[in-house]
Amino acid sequence: MRSGMPSRRSRGRRGQLLRSPPRTDSVAVVTTRTERSLVLVKPDGFTRGLSGEVLRRIEAKGYTLVTLSILTPDRERLARHYAEHEGKPFYEPLLDFMSRGQVTAVVIEGQRCIEGFRALAGATDPTMALPGTIRGDFGRDWGLDVQQNIVHGSDSPQSSEREIRIWFPELA
Ligand code: IDP
Ligand code: MG
């Protein structure tokens with residue numbers, strides 16, 4: 001009788017040695033630290049009634065909603081939020097787009113929710129964002145100077161802290 005650890009090799013029906021496929025997956029360092037992320041449903045998503053769908057996906061993934069607000073952001077708030085993009089060709093169109101209507105601003109919480117939400121959102125360019133992601137399922141190129149891509153999500157713990165201070169100073 002065989003015992004011990006299962007072998008990475010086994011035999012096929014004709015007796016030839018079969019090698020297990022190499023592992024292409026890997027698991028990042030496990031962390032128990034809870035983090036927060038600032039999520040925005042941008043004016044294109046808000047106008048199309050997608051706030052609920054975005055919140056549904058966040059909750060279905062298992063993250064917690066900490067707080068939520070619906071507002072029309074002014075340019076001063078947006079200039080702070082998008083300071084890293086000042087001077088880029090899409091900066092002014094981005095501020096125009098983001099200030100033209102209501103957004104749903106949300107703070108979410110959970111272990112690794114910053115990268116987790118970025119994965120739910122998909123790539124910045126909605127044409128390239130994979131189906132199954134928010135941007136991939138609901139976004140497309142409209143031939144404008146700025147990509148309208150439904151959602152924003154913080155990209156690092158530093159950004160998250162900075163952005164939560166901008167949108168929810170009472171939480172900081
Ligand atoms: P992110 O939202 O995926 O983090 P960022 O590079 O931080 O992407 O850009 C902020 C926002 O500016 C994007 O979500 C998108 O709306 C817009 N944007 C970014 N890069 C471009 C571009 O090259 N052309 C047009 N719009 C862009
Ligand atoms: Mg960004």
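Because the structure is predicted, anything quoted here is derived from the model rather than measured.

Student: In this structure, what is going on with the sheet that holds strand β4 (residues 64-71)? I would like to understand it.
Tutor: In sheet architecture, strand pairing relies on hydrogen bonds along the backbone and comes in two forms, parallel and antiparallel. Read across the open sheet, the four strands follow the order β4-β5-β3-β6; overall the sheet is antiparallel. In this open sheet, the two edge strands, each paired with only one partner strand, are β4 and β6 (151-153). Each neighbouring strand pair of the sheet contributes to a mean axis angle of 20 degrees, computed without reference to strand direction. Pairing between β4 and strand β5 (residues 103-111): seven bridges, direction antiparallel. What sits directly across from Leu 68, in β5, is Val 106.

Student: It is not clear to me how the side chain of Arg 135 should be interpreted in this structure. Could you clarify?
Tutor: Along the chain, the position of Arg 135 falls in helix α6 (residues 134-138). Look at Arg 135: it is buried, it has no salt bridge, and the nearest opposite charge is Asp 44 at 8.2 Å. Not counting the four nearest positions on each side in its chain, Arg 135 is found in contact with Lys 42, Ala 121, Gly 122, Ala 123, Thr 124, Pro 126, Ala 129, Asn 149, Val 151 and His 152.

Student: What am I meant to see in helix α4 (residues 91-98) here?
Tutor: Turn by turn, an α-helix covers 3.6 residues, leaving residues three or four places apart pointing in a common direction. Taking burial as the measure, the eight residues of α4 include six buried ones, the bulk of the element. Among all positions of α4, only Tyr 91, Pro 93, Leu 94, Leu 95, Phe 97 and Met 98 are buried. Here the buried face of α4 lies against β3 (34-41), α1 (43-47), α3 (75-81) and β5.

So, how was this worked out
Residues numbered from 1 in each chain as written. Chains lettered and ligands numbered in written order. Predicted model: local features only at pLDDT ≥ 70, side-chain atom pairs only at ≥ 80, totals over all residues. Heavy atoms only, no water. Pairing = 2+ DSSP bridges. Helix = DSSP H or I, 4+ residues; strand = E, 2+ residues; numbered from the N terminus. Axes fitted to C-alpha atoms, helices over the stretch in contact; angles between N-to-C directions. Buried < 20%, exposed > 50% of the residue type's maximum accessible area, 1.4 Å probe, protein only. Lys, Arg positive; Asp, Glu negative; His and termini not counted. Salt bridge = Lys/Arg side-chain N within 4 Å of Asp/Glu carboxyl O. Contact = heavy atoms within 4.5 Å.

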